[in-house]
Number of protein chains: 2
Amino acid sequence: MAVDSMEIRALVFDVFGTVVDWRSSITREGRAVGERLGIEADWEAFADAWRGMYQPAMERVRNGEREWVRLDDLHRESLCDLIESFGIRGLDEAGIDDFNRAWHRLDPWPDAVEGLTALHRRFIVGTCSNGNVAMMVNMAKRAGLPWDAILGAEPCRAYKPLPQAYLGTCAYLDLPPERVVMVAAHNDDLVHAASHGMRTAFVARPTEYGPHQERDFEAEHDFDFIADDFVDLAAKLGAA
Amino acid sequence: MAVDSMEIRALVFDVFGTVVDWRSSITREGRAVGERLGIEADWEAFADAWRGMYQPAMERVRNGEREWVRLDDLHRESLCDLIESFGIRGLDEAGIDDFNRAWHRLDPWPDAVEGLTALHRRFIVGTCSNGNVAMMVNMAKRAGLPWDAILGAEPCRAYKPLPQAYLGTCAYLDLPPERVVMVAAHNDDLVHAASHGMRTAFVARPTEYGPHQERDFEAEHDFDFIADDFVDLAAKLGAA
């Protein structure tokens with residue numbers, strides 16, 4: 001790799017799928033709701049359906065069809081639709097709010113805390129996620145993710161892959177993009193980051209979508225760093 | 001006190017003077033610049049003068065006379081004026097940039113890291129400062145301040161005491177103001193925070209302005225918490 005890690009000052013991370021395992025976590029949360037309400041459902045399908053509504057919901061914000069709205073609110077709108085279509089009865093408003101906060105309680109991949117903790121000792125580590133600040137902060141508190149800064153969509157008022165989500169994140173850190181590494185398990189996220197001059201690191205998460213995973217099994221471009229997991233990434237960046 | 005600490009979810013901190021000792025730190029940085037350039041100056045007076053330009057500079061942004069601009073940029077404009085008036089010669093652009101970054105290298109008060117670390121175990125701890133994100137992040141990395149979130153002026157696009165700086169900080173955390181404590185060494189900051197429904201904690205920093213300190217020797221209002229320092233604040237909030 002041509003990149004000297006001495007030039008790197010910060011790493012910013014995609015979160016859903018890259019840092020945390022949303023599918024297992026949402027399935028777990030759904031199952032708990034089902035048990036409380038005495039409802040049987042395919043909670044993996046529920047998790048997939050909820051996540052499936054994510055891009056179309058953000059797209060309406062990205063294309064200007066609607067004003068800026070936080071991901072928590074988009075998630076809640078999707079959840080209300082799903083409660084209907086999955087025939088889930090018995091949740092009051094507070095119950096829906098709590099279920100929606102399942103996205104604040106996602107579990108990290110097994111290597112995430114150890115790898116981030118090592119990276120945090122040498123670099124600024126932050127989020128560049130479409131998740132909103134409260135979601136990221138609550139998730140980090142619960143999981144022990146040692147972020148130095150919560151950046152990305154909400155403070156930049158732009159959902160990835162809009163340029164402002166990447167460039168605004170670098171601007172908040174007052175760093176030129178070439179001193180910031182975007183870390184993601186998704187090829188397209190990194191291609192966008194690289195197009196704005198950011199450095200890139202790919203970490204495969206081949207079970208993110210469970211049996212439905214169709215892509216991102218491996219790096220498909222010449223990214224600056226390719227690592228097996230965050231601990232390996234820390235080693236490759238000299239932060240282990 | 002009528003506030004139950006079980007209701008509190010987050011503490012957000014004023015930073016200059018409350019968490020860090022800007023006056024000693026800027027004096028130290030000035031002295032180092034002077035030694036490098038072979039210049040003698042009253043560096044305490046320089047620090048006081050630089051800080052003295054802070055409120056008038058922000059006021060032009062607050063009152064709409066000029067567009068949003070980060071504190072780093074306001075500091076740099078003030079620094080260029082001071083270099084002139086103090087007759088400091090020999091600093092090139094990179095030298096001015098580095099001197100300006102003295103504000104990223106402020107030392108915490110002796111109790112700050114220990115107290116924040118204890119509070120961080122039980123509560124969300126964040127900044128609600130007029131300092132910009134890069135300044136807060138770099139300062140925290142150097143000093144070991146365990147912030148969960150960097151909020152305040154820049155992400156809210158409003159300098160304190162504009163309401164949006166306080167309310168926007170609570171909104172980013174998705175918490176009602178009554179579940180967020182504003183911590184400051186300045187009575188007026190807390191009076192503003194309380195006017196928006198936030199909880200308040202006063203910690204006196206009687207040497208902030210050195211021999212020129214004229215106020216804020218003690219809490220002048222009925223704040224929710226009054227503590228000797230951050231370790232004492234942690235104890236009063238059951239986080240010690």
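Peer 1: Before we move on, can you summarise the overall build of chain A with the specific residues and values?
Peer 2: When its secondary structure is counted, chain A shows eleven helices and six strands. In terms of overall size, chain A behaves like a compact globule, its C-alpha atoms giving a radius of gyration of 18 Å where 240 residues would be expected to give roughly 18 Å. Taking all 240 residues of chain A together, the buried fraction comes to 57%. Sequence separation of 24 or more characterises 69% of the internal contacts of chain A that already satisfy a separation of 6 or more. By element, 49% of the accessible surface of chain A is carried by carbon and sulfur atoms, the whole surface being about 9,900 Å².

Peer 1: Tell me about the packing of helix α3 (residues 54–62) of chain B against helix α4 (residues 71–85) of chain B, and please be specific about residues and values.
Peer 2: Residue and element names in this part refer to chain B. Following both chains from N to C, one finds α3 and α4 inclined at 125°, their axes separated by 10 Å at the closest point. Comparing the axis directions of α3 and α4 gives the class oblique. Two packed elements cross with a definite hand, and for α3 against α4 that hand is right-handed. Contacts between α3 and α4 involve Y54, A57, M58 and V61 from the former and L71, L74 and H75 from the latter. Class assignment of the residues belonging to the contact of α3 with α4 gives a composition of six nonpolar, one polar and no charged.

Peer 1: Explain the packing of aromatic side chains to me, and be specific about the residues and the numbers.
Peer 2: According to the stated counting rule, one finds 30 aromatic pairs over all chains in the structure shown. The interplanar angle of 10° and the centroid separation of 6.1 Å between the aromatic rings of F202 of chain B and F223 of chain B together place this pair among those described as stacked. Here F202 of chain B, found in strand β5 (residues 199–203), pairs with F223 of chain B, found in the loop between β5 and β6 (225–227); they are 21 residues apart in sequence, far enough to count as distant. For F223 of chain B, a relative accessible area of 3% puts it in the buried group. An aromatic cluster of three or more residues is present, and its members are F16, W22, W43, F46, W50, Y54, F86, F99, W103 and Y209 of chain A. The ring centre of F230 of chain A lies 4.8 Å from the NZ or CZ of R205 of chain A, which sits over that ring.

Conventions we followed
Residues numbered from 1 in each chain as written. Chains lettered and ligands numbered in written order. Predicted model: local features only at pLDDT ≥ 70, side-chain atom pairs only at ≥ 80, totals over all residues. Heavy atoms only, no water. Helix = DSSP H or I, 4+ residues; strand = E, 2+ residues; numbered from the N terminus. Rg over C-alpha atoms; globule rule 2.2 N^0.38 Å. Buried < 20%, exposed > 50% of the residue type's maximum accessible area, 1.4 Å probe, protein only. Contact = heavy atoms within 4.5 Å. Areas by Shrake-Rupley, 256 points an atom, 1.4 Å probe, with all protein chains shown as cover. Axes fitted to C-alpha atoms, helices over the stretch in contact; angles between N-to-C directions. Parallel < 35°, antiparallel > 145°, perpendicular 65-115°, else oblique. Left-handed = near helix turned anticlockwise from the far one by under 90°. Nonpolar A, V, L, I, M, F, W, Y, C, P; charged D, E, K, R; others polar. Phe/Tyr/Trp six-rings, centres within 6.5 Å; stacked < 30°, edge-to-face > 60°. Lys NZ or Arg CZ within 6 Å of the ring centre and 35° of its normal.

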